[in-house]
Amino acid sequence: MKRIAIIITSALMILGACKPEVGPMGTSYEAGAGLLGTWELTNADQTDLSLPVPETRDISSFYQGASQKWVVQFNQDSTYVVNQQGPGFDVFGTGGTWSYDTPEYPTELHLTQDTIVTVLPLGNMPRTIDQTVSLVYSRERCEKPSVSYELTFTRK
């Protein structure tokens, strides 16, 4: 019995002596700072939220033609311009202003066209090193979520 107690005590002392190595974590990137620039729609997923088990379909082929790609440019002065308008729903208009819900830790992108504000949840917070950003656009029917689109844009 003493032997087991000694073994357990020794094991606990050995495990307690281990300390994680703390070193530099790498370069720090500001959350959301990477949205600036020109983005091209490269992937689109549609999720039918009205089904008992929501079903997702890849509808990217609808946007694959050279003249059918959405190309959006986000500028430093908080404006955006649609350089090329693709088919389907028009979430961006021709341009306007953009902002985040919380600049320090953005979770939503707010697009303002005249007096209309469109809120798009972010699939990821784009940093300056990120090459993709995804936005979620949801539609309702009878005041209930009906369908959502996850639009993935690639830096151009």
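Quantities reported herein were computed from a predicted structural model and do not represent experimental measurements. (Residues numbered from 1 in each chain as written. Predicted model: local features only at pLDDT ≥ 70, side-chain atom pairs only at ≥ 80, totals over all residues. Heavy atoms only, no water.)

A count of helical and extended segments in the chain gives 1 helix and 9 strands. Reading the chain from its N end, one meets helices and strands in the order α-β-β-β-β-β-β-β-β-β. The C-alpha radius of gyration of the chain comes to 23 Å, more than 25% above the 15 Å expected for a compact globule of 156 residues. In terms of principal-axis extent, the alpha carbons of the chain reach across some 80 × 40 × 30 Å. (Helix = DSSP H or I, 4+ residues; strand = E, 2+ residues; numbered from the N terminus. Rg over C-alpha atoms; globule rule 2.2 N^0.38 Å.)

Once that is clear, we can look at the packing of aromatic side chains. Overall, the coordinates contain 10 aromatic pairs when judged by the stated rule. Taking 5.4 Å as the distance between ring centres and 75° as the angle between the ring planes, the aromatic pair formed by tryptophan 98 and tyrosine 100 counts as edge-to-face. You can call tryptophan 98 buried: its relative accessible area is 10%. A relative accessible area of 13% places tyrosine 100 in the buried class. Between tyrosine 137 and tyrosine 149 the ring centres are 6.4 Å apart and the planes differ by 25°, which places this aromatic pair in the stacked class. You can see tyrosine 137 sitting in strand E8 (residues 132-141) and its partner tyrosine 149 sitting in strand E9 (residues 144-155), a full 12 residues away along the chain. Residue classification places tyrosine 137 among the buried residues on the basis of a relative accessible area of 16%. (Phe/Tyr/Trp six-rings, centres within 6.5 Å; stacked < 30°, edge-to-face > 60°. Buried < 20%, exposed > 50% of the residue type's maximum accessible area, 1.4 Å probe, protein only.)

Okay, unusual backbone geometry next. Even without being glycine, aspartate 114 reaches a positive phi, approximately 55°. Within the secondary structure layout, aspartate 114 lies in the loop between strand E6 (108-113) and strand E7 (116-121). Positive phi values are uncommon outside glycine, yet cysteine 142 reaches one of about 55°. When you line up the elements, cysteine 142 lands in the loop between E8 and E9.

This next bit is on the side chain of serine 60. Topologically, serine 60 is positioned in the loop between strand E2 (55-58) and strand E3 (71-74). Separated by 2.9 Å, the side chain of serine 60 and the backbone nitrogen of alanine 44 make a polar contact. If we ignore the near neighbours within four places in the chain, the residues touching serine 60 are Thr42, Asn43 and Ala44. (Polar contact = N/O pair within 3.5 Å; in protein donor to acceptor, adjacent residues only side chain to side chain. Contact = heavy atoms within 4.5 Å.)

This part is about the nonpolar core. Formed by 27 residues in total, the largest nonpolar core has its most connected members in Phe74, Tyr80, Phe92, Trp98, Leu109, Leu111 and Phe153. Sorting the residues of this core by element identifies strand E1 (37-48), E3, strand E4 (79-84), strand E5 (95-100), E6, E8 and E9 as the ones contributing at least two each. Counting residues per element, this core draws most heavily on E9, which supplies 4 residues. Look past the residues within four positions of tryptophan 98 in its chain and what remains in contact with it is Leu35, Leu36, Phe74, Asn75, Ser78, Thr79, Tyr80, Leu109, His110 and Leu111. (Core = buried A, V, L, I, M, F, W, Y, C linked by side-chain atoms within 4.5 Å.)

A few words on the side chain of threonine 118. Mapped onto the secondary structure, threonine 118 falls in strand E7. Relative accessible area serves as the criterion here: at 16%, threonine 118 is assigned to the buried category. Beyond its immediate chain neighbours, meaning those up to four positions away, threonine 118 contacts Val91, Leu109, His110, Leu111 and Gln113.

Let us look at the pattern of salt bridges. Inspection of the entire model under this criterion finds 4 salt bridges. With a closest N to O distance of 3.7 Å, lysine 69 and glutamate 40 form a salt bridge. Of the two residues, lysine 69 sits in the loop between E2 and E3 while glutamate 40 sits in strand E1, which places them 29 residues apart along the sequence. Residue arginine 57 pairs with glutamate 55 through a salt bridge whose shortest N-O separation is 2.9 Å. The class of arginine 57 is exposed, set by a relative accessible area of 53%. (Salt bridge = Lys/Arg side-chain N within 4 Å of Asp/Glu carboxyl O.)

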